[in-house]
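One-letter residues, chain by chain:
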Amino acid sequence: MMNVLSVTSECAPLVKTGGLADVAGALPHALLSEDVRMRTILPGYRTVMEALGDAREVLTDADVFGGTARILEGTAAGLDVFVVDAPHLYDRDGSPYLDAEGRDWEDNPERFAALCRLAARIAAEGAGDWRPDVVHLHDWQAGLTPLYLRGHGPDTPPCVTTIHNVAFHGIASPDKLDRLGLPRELFTPEGYEFYGQISALKAALVYSDKLTTVSPSYARELLSPEFGMGLDGVLRNRASDLYGILNGIDTAAWDPARDPAIPTFKAPRGKAKARARLIEEMGLDPEAPGPLAVVVSRLSGQKGLDLLLEALPALLARGGQLALLGSGDAALEHAFREAAAADPRVAVHIGYDEAMSHRMIAGGDAILVPSRFEPCGLTQLYGLRYGTVPVVALTGGLADTVIPANAAALQAGAATGLQFHPITAPALEGALNQLCDLYSDADTWGRIQRNAMKHPVGWGPSAAAYAALYKGMARTS
C-alpha cells in the first residue's frame with residue numbers, strides 16, 4: 001500500500017467553497033482500489049473541528065504565527081485526516097478565505113503558510129509509524145510546502161501539485177519573507193518571486209517534482225498567455241512534467257437512483273417528478289413550452305454569467321425558463337435579482353445550499369456552463385449523471401467532457417450536450433436556440449438525455465492515472 005499526503009485548504013463534505021473541495025474529498029476513496037492510501041491535512045476551521053471524531057495529537061508547534069498549533073490525527077466524514085488545530089488562525093466567522101464582509105483575511109499568507117509548514121513536517125518526519133511516499137498539493141494554499149520541505153534535507157518525499165485554477169496565485173508582500181520563514185536566496189524570477197511579490201502558486205510550480213491539472217485541454221491552455229495568467233512561461237518550462245488528468249465525481253453522492261434530496265429516478269423519463277417539484281419550489285410556470293435551464297455556479301466573470309444575462313431573452317422568447325443558484329460578484333447578484341423581478345420565468349436563489357443544488361440539477365432539463373475558462377468543471381458532470389443536458393463553452397474540461405450535438409454526433413447517436421464558441425453572448429444565444437430546437441423534438445431529446453446518463457463520469461480512470469503518477473515518482477525519487 002502506497003501512502004500519499006494530500007495538502008488542501010478545503011475538502012468536501014467538511015468544508016467547501018468550490019470544486020477543489022469535491023476533488024479533495026472524493027480522491028481518497030477512489031484511490032483505495034489502486035492500492036493507494038491517502039491521508040488529508042487541512043486547516044481546523046470550525047466545521048472541520050466539529051466533524052472530527054476521536055483524535056490523537058501527533059505533534060505540537062508552540063510558535064506558529066502568533067500561537068500554538070497542534071496536529072490532530074483522526075477521521076471525519078469517512079476520511080483519514082490530519083487537522084491543524086490553531087484557533088488563532090482558523091476559528092473565525094466567514095469563509096476559509098474571506099471575512100464576514102467578503103474581504104480577504106489579512107493574514108491569509110500566514111494561515112496557509114502554517115498549513116504548508118506543518119504538512120512539510122509530517123512529510124519529512126512522519127506521524128507515528130506513518131510517513132507518506134508522495135505529497136499531493138492542491139492550488140496555492142498548499143504551494144509553499146516544497147519550500148518548507150527543502151529545510152528538512154534531501155531525504156524527503158517528492159511533491160506533485162494539482163492546479164485547480166491558475167487564476168489564484170496566493171500573492172504576498174516580500175515584507176513577509178522572514179515572517180513566513182522563506183529562503184531569500186530563492187526569491188528570484190527563477191524561483192518564487194512574481195513581479196516583486198511572493199507567489200505561493202509559483203513556488204509550487206517551480207519546486208514540485210510533477211504538476212497536474214484537471215483536464216487535458218486545460219493543460220494545453222495553460223501554456224498560452226491567454227490562459228496562463230502570467231505563469232505560462234513557468235509552465236512551458238515544466239511542460240514535460242505537466243499532466244492533464246480529468247476530474248471525476250463521486251457517483252455515490254451524485255446518483256439519481258439513490259439521491260435523498262430528490263424524487264429518485266433511473267431513466268430520463270423519471271425526471272418528470274423532480275422537474276415538477278423544482279418548478280413548484282422556484283415559483284415557475286409548469287405549462288411553459290420550452291426547456292427549464294438551471295445554473296448552479298459561483299457568480300463571476302470567469303463563469304461567463306454576464307454573457308447569460310445578455311443571451312437570456314433568447315431562451316425566454318422560445319418559452320424556456322431559468323432557475324439559478326449561486327452567489328459571488330455583487331453586481332451579478334443584483335443583475336440576476338433584477339432579471340427575476342422583471343420576468344416570472346426567471347427564478348434566482350442567491351446563496352448556496354448543497355441539497356438545493358441536487359434538486360436543481362435533478363429537476364432541470366439543461367444545465368448552463370458558459371465559462372470563459374474552466375479548468376475542468378463539475379456541474380456539467382453532475383448534469384450528465386442526472387440527464388440534465390449540459391450547454392457549455394468550448395474551453396478546458398468542458399470541451400473534454402461534453403460531446404456536442406453537431407450533425408455528425410446526432411447522426412451517430414453520440415451527442416450528450418451542446419458546446420458553443422467563440423465565448424460570446426451571440427454564440428451563447430445561438431446555443432440556447434439550438435437547445436430549444438432539440439428540446440422540441442422529443443425523440444432526439446430523449447436520446448441525448450439517455451446518452452448523457454450513460455456517459456462515464458466517475459473517478460476510475462483518473463484514479464488509475466494518479467496512482468501511476470505517484471508510483472512513478474516514488475520509484476525515481
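The structure contained in this document is the topic of the report that follows. Keep in mind that this is a model prediction, so the values were computed, not measured. Along each chain, the written sequence defines residue order, and numbers are assigned to residues from 1. In keeping with the predicted nature of the model, local features appear solely for residues at pLDDT of at least 70, side-chain atom pairs appear and are counted solely at 80 or more, and the whole-chain, interface and lining totals rest on all residues. Derived side-chain values reflect all non-hydrogen atoms in the structure, with water molecules and hydrogen atoms excluded from consideration.

In DSSP terms, a helix is any run of H or I states spanning at least four residues, a strand is any run of E spanning at least two, and both are numbered starting from the N terminus. Here the expected span of a helix is defined as 1.5 Å times the quantity of residues minus one. End to end, helix α4 (residues 108–125) covers 26 Å across 18 residues, agreeing with the expected 26 Å (1.5 Å per residue, within 8%). The cut-offs for exposure are 20% and 50% of the maximum accessible area for each residue type, with area from a 1.4 Å probe on protein chains only; residues under the lower value are buried, those over the upper are exposed, and the others partly exposed. Burial analysis of α4 places 15 of its 18 residues in the buried class, the great majority of the element. Following α4 by one or two positions, Gly126 adopts a phi angle in the positive range, close to 80°.

Time to look at the packing of aromatic side chains. Pairing of aromatic side chains requires ring centres within 6.5 Å, counting the rings of Phe and Tyr and the six-membered ring of Trp. Pairs whose planes differ by under 30 degrees are stacked, by over 60 edge-to-face, and all others tilted. One pass over the full model with this rule turns up 11 aromatic pairs. Ring centres 5.5 Å apart and planes at 50° place the aromatic pair Phe187 and Tyr192 in the tilted group. Arranged with centres 5.4 Å apart and planes meeting at 80°, the rings of Tyr439 and Trp445 form a pair that is edge-to-face. Grouped by ring-pair contacts, the aromatic residues Trp254, Phe265, Tyr382 and Tyr386 constitute a single cluster. Taking NZ or CZ as reference, Arg92 lies 4.7 Å from the ring centre of Trp105, over its face. Between the NZ or CZ atom of Arg117 and the centre of the ring of Phe65, over which it lies, the distance is 5.2 Å. Only lysine NZ and arginine CZ atoms are considered, and such an atom sits over a ring when it is within 6 Å of the ring centre and within 35 degrees of the ring normal.

The subject of this paragraph is the side chain of Lys202. Along the chain, Lys202 turns up in helix α7 (residues 200–207). Note on charges: Lys and Arg go in the positive column, Asp and Glu in the negative column, and His and the chain ends are not counted at all. Salt bridges are counted wherever a side-chain nitrogen of Lys or Arg sits within 4 Å of a carboxyl oxygen of Asp or Glu. No salt bridge is formed by the buried Lys202; the nearest opposite charge belongs to Glu193, separated by 6.6 Å. Residues in contact with Lys202, not counting those within four places in the same chain, are Thr188, Pro189, Gly191, Tyr192, Glu193, Leu231 and Val234. In what follows, a contact means two residues having at least one pair of non-hydrogen atoms within 4.5 Å.

We now examine helix α1 (residues 19–31). Residues that lie three or four places apart on an α-helix share one face, since the helix turns once every 3.6 residues. With 13 residues, α1 extends 18 Å between its outermost C-alpha atoms, agreeing within 8% with the 18 Å of an ideal straight helix rising 1.5 Å per residue. Taken across its 13 residues, α1 has 11 buried, putting it largely inside the fold.

Where helices are involved, their axes are fitted lines through C-alpha atoms of the stretch in contact, as for all axes, and angles between N-to-C directions lie from 0 to 180°. Contact geometry of helix α11 (residues 271–282) with helix α14 (residues 354–363) gives a least axis separation of 8 Å together with a crossing angle of 120°. Between α11 and α14, the angle is such that the two are oblique. The crossing of α11 and α14 is left-handed. Listed contacts from α14 to Lys271, Ala274, Arg275, Leu278, Glu281 and Met282 of α11 are Met356, Arg359, Met360, Ile361, Ala362 and Gly363. Here the word oblique covers every angle except those under 35 degrees (roughly parallel), over 145 (roughly antiparallel) and from 65 to 115 (roughly perpendicular). Two helices that cross are described as forming a left-handed crossing if the nearer one is turned anticlockwise from the farther one by less than a right angle, and a right-handed crossing if clockwise.

To continue, consider the sheet that holds strand β13 (residues 292–299). Adjacent strands of a sheet pair through backbone hydrogen bonds, lying either parallel or antiparallel. Taken in spatial order, the 6 strands line up as β15-β14-β13-β16-β17-β18 in an open sheet, and their pairing is parallel. Where the open sheet ends on each side, the last strands, each with one partner, are β15 (346–350) and β18 (418–420). Across this sheet, the average inter-strand angle for adjacent strands is 20°, counted without regard to direction. Examined bridge by bridge, strand β14 (residues 321–328) and β15 share 5 bridges and lie parallel to one another. Its bridge partner being in β15, Gly326 is matched across the sheet by Ile350. Taken strand by strand, helix α12 (residues 305–317) contacts β13, β14, β15 and β16 (366–369), and its axis lies near 170° from that of β13. Strand pairing is assigned whenever DSSP detects at least two bridges linking the two strands.

As paired strands, strand β7 (residues 159–163) and strand β11 (residues 210–213) are joined by 4 bridges and run parallel to one another. Bridge pairing in β11 places Thr162 opposite Thr212. Note that β11 and strand β12 (residues 242–244) share 3 bridges and pair parallel. If you follow Leu211 over to β12, its bridge partner there is Leu242.

Let us now look at the packing of α12 against helix α13 (residues 330–342). For any two helices packed against each other, the geometry comes down to the angle between their axes and how far apart the axes lie. One can describe the packing of α12 onto α13 by two numbers: an axis separation of 10 Å at closest approach and a directional angle of 20°. As far as their axial angle goes, α13 and α12 are roughly parallel. Handedness of the α12/α13 crossing: left-handed. Contact residues: α12 offers Leu305, Asp306, Leu308, Leu309 and Leu312, while α13 offers Leu332, Ala335, Phe336 and Ala339.

Moving on: the nonpolar core. Only buried residues count toward a nonpolar core, which is a set of Ala, Val, Leu, Ile, Met, Phe, Trp, Tyr and Cys residues joined through side-chain atoms within 4.5 Å. Counting 75 residues, the largest nonpolar core has Leu5, Ile41 and Tyr192 as its most contacted members. Element by element, the count of residues in this core is highest for α4, at 11 residues. Ala293, Ala415, Leu418 and Leu435 belong to the second-largest nonpolar core, a separate cluster that totals 40 residues.

To continue, consider the pairing of strand β4 (residues 69–76). Residues in a regular strand point their side chains to alternate faces of the sheet. Extensive coverage of β4 is indicated by the burial of 6 of its 8 residues. As judged from the 6 bridges shared by strand β3 (residues 55–61) and β4, these two strands associate in the antiparallel manner. When the sheet's bridge partners are listed, Glu57 is paired in β4 with Leu72. Across 7 bridges, the pairing between β4 and strand β5 (residues 79–85) is antiparallel. Pairing of Arg70 across the sheet is with Asp85, part of β5. Linkage of β4 to β5, two consecutive antiparallel strands, is achieved through a turn of 2 residues, within which Ala77 is found at a positive phi near 55°.

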